[in-house]
Structures are given as structure tokens and as C-alpha cells.
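# Commentary on secondary and tertiary structure
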Amino acid sequence: MGAATAALRRVLDLLIGTFCCGLLAGMVAILAWQVFSRYVLGDPSTFSEELLRYGVIWLSLLGAALATGRGAHMAIDLLPALVPARARVWFAALGPLSLMIFGAMVLGWGGWHGVQIASGQTSAVLRLPMGAVYAALPVSGALIVLYSALNLLDLARRRAARETDPIEHALSVGD
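Below you will find a few notes about this structure. Bear in mind the structure is a predicted one, so any value in this text is a computation, not a measurement. Within each chain, residues carry numbers counting from 1 in the order of the written sequence. It should be noted that, the model being predicted, local features are given only for residues of pLDDT at least 70 and side-chain atom pairs only at 80 or more, the latter also being counted only at that level, while totals for whole chains, interfaces and linings use all residues. Here the side-chain values reflect all heavy atoms present in the structure, with hydrogen atoms and water set aside.

Right, let's get into the overall build of the protein. Scanning the protein from N- to C-terminus turns up seven helices and zero strands. Strands here are runs of E lasting at least two residues and helices are runs of H or I lasting at least four, both read from the DSSP assignment and numbered beginning at the N terminus. For the protein, the α and β elements follow one another from N to C terminus as α-α-α-α-α-α-α. This radius of gyration counts C-alpha atoms alone. The globule rule is 2.2 Å times how many residues there are, raised to the power 0.38. The C-alpha atoms of the protein give 21 Å as radius of gyration, which overshoots the globular expectation for 175 residues (16 Å, by more than 25%). Over its C-alpha atoms, taken along the principal directions, the protein stretches across nearly 70 × 35 × 35 Å. Note on classification: 1.4 Å probe, protein chains only; a residue is buried when its accessible area is under 20% of the maximum for its type, exposed when over 50%, partly exposed between these limits. Residues classed as buried in the protein amount to 29% of the 175 residues present. Surface exposure here means Shrake-Rupley accessible area, sampled with a 1.4 Å probe, where a residue is shielded only by the protein chains that are shown. With an accessible surface of roughly 10,900 Å², the protein has 73% of that area assigned to carbon and sulfur atoms.

Okay, here's the thing in C-alpha cells:
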């Protein structure tokens, strides 16, 4: 089971990371075009600002999902440091659980309603379907839920390994 979750995590990291890198590279090229057309050609680009805005939305939300997978979100470390070692596991699980609830309810469920509301609208300049822009919410929500579940499985696996290892168990009893 551990190898399968590690493989899934690697594939997700590779796909999302590659997509984010490509998106960022595209955004840099569009931004360079915007600056060039404004200051060199004297005729500002009409599409670039809107396209960059939507790129930032997708990049931010997918980056948040990637940060969830790597455990790189902000956390308050003071409270877990003050409780006994046995209670720290529950505090460690609180972060992924809360991210799971947020990803499912706010981004997933709420985002899906946003997609449905915006599905009949198009963007002002590019005439892009706004549902595609709002789709970043449920997509990132699903990824955050998946990454949080993988993080919880890793946490449970580490705890189980520590309890079955007599040396690790002896070292953690005194905490």
C-alpha cells in the first residue's frame, strides 16, 4: 500500500508541477508580449491582461494543491509542541483533516456551484467560457482532498511503523 501511494504522489507531483511550470512559462511570455506591445509598439495588447488574470487563478489554486501534497502550508507549531507525544499525532492529523474539509466543501462543492453559475457567461475580451476559469476551484479542491488523504495515510503508516519498532516505541514512550 505504501508503494502505491508513493507512486500516486509522484505522478500527481509530476503532472501538476509540469502543468504549473508550463503555465508560468506561458504567462511570462504573455507578459513579455504585453510589455513589448505597450512600450515598443505603442499599441497595448488587449488580450494579455485577461489571459494573465486567469492564469494566475489556475496557477495559485494548483500551487495550493501542490503545497498541500508537500505539507508546505502554514501551520501553528506551538500547540503541538506543548502537548504530550501521544496527542501530537492527533494534532498532526488535524491539519490534513481541516484541509480535506476545506477542499471538499469550499473549493469542491462551492466551486462546482460557481462553475454552474458561470457556465453561461463568457469573458469580456477573449470570450472564454467563464466556467473553465471557475473550474480551477473544484479541480484544486479534489486535488487537495486527494493529497490530504495521502498525507493522512503517510501519517498513519509512520505511526504504525513506530509502534511496531521496539526501539522507536521505547524512545517515544518517554515523550
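Turning next to the pattern of salt bridges. Here a salt bridge means any side-chain nitrogen of Lys or Arg lying within 4 Å of a carboxyl oxygen belonging to Asp or Glu. Applying the stated criterion across every chain, the model contains three salt bridges. Two residues, aspartate 154 and arginine 9, come together in a salt bridge whose shortest N-O distance is 2.8 Å. Of this pair, aspartate 154 sits in helix α6 (residues 136–164) while arginine 9 sits in helix α1 (residues 2–39), placing them 145 residues apart in sequence. Here arginine 157 makes a salt bridge to aspartate 154, at a shortest N to O gap of 2.8 Å. Pair noted here: arginine 157 and aspartate 154 are both in helix α6, with a separation of three residues, about one helical turn. According to the relative accessible area criterion, aspartate 154 is partly exposed, its value standing at 21%. Among the ionic contacts, a cluster of salt bridges with common partners joins Arg9, Asp154 and Arg157.

This part covers a nonpolar patch on the surface. Patches in this entry comprise residues that are over 30% relatively accessible and not in a salt bridge; like charges within 9 Å are linked, as are nonpolar side chains (Val, Leu, Ile, Met, Phe, Trp, Tyr) within 5 Å. A cluster of nonpolar side chains, namely Leu31, Trp33, Val35, Phe36, Tyr39, Val40, Leu41, Phe47 and Val125, defines an oily patch on the protein surface of about 880 Å² accessible area. Note that phenylalanine 47 resides in the loop between α1 and α2 (48–69). Overall, phenylalanine 47 belongs to the partly exposed group, its relative accessible area being 30%.

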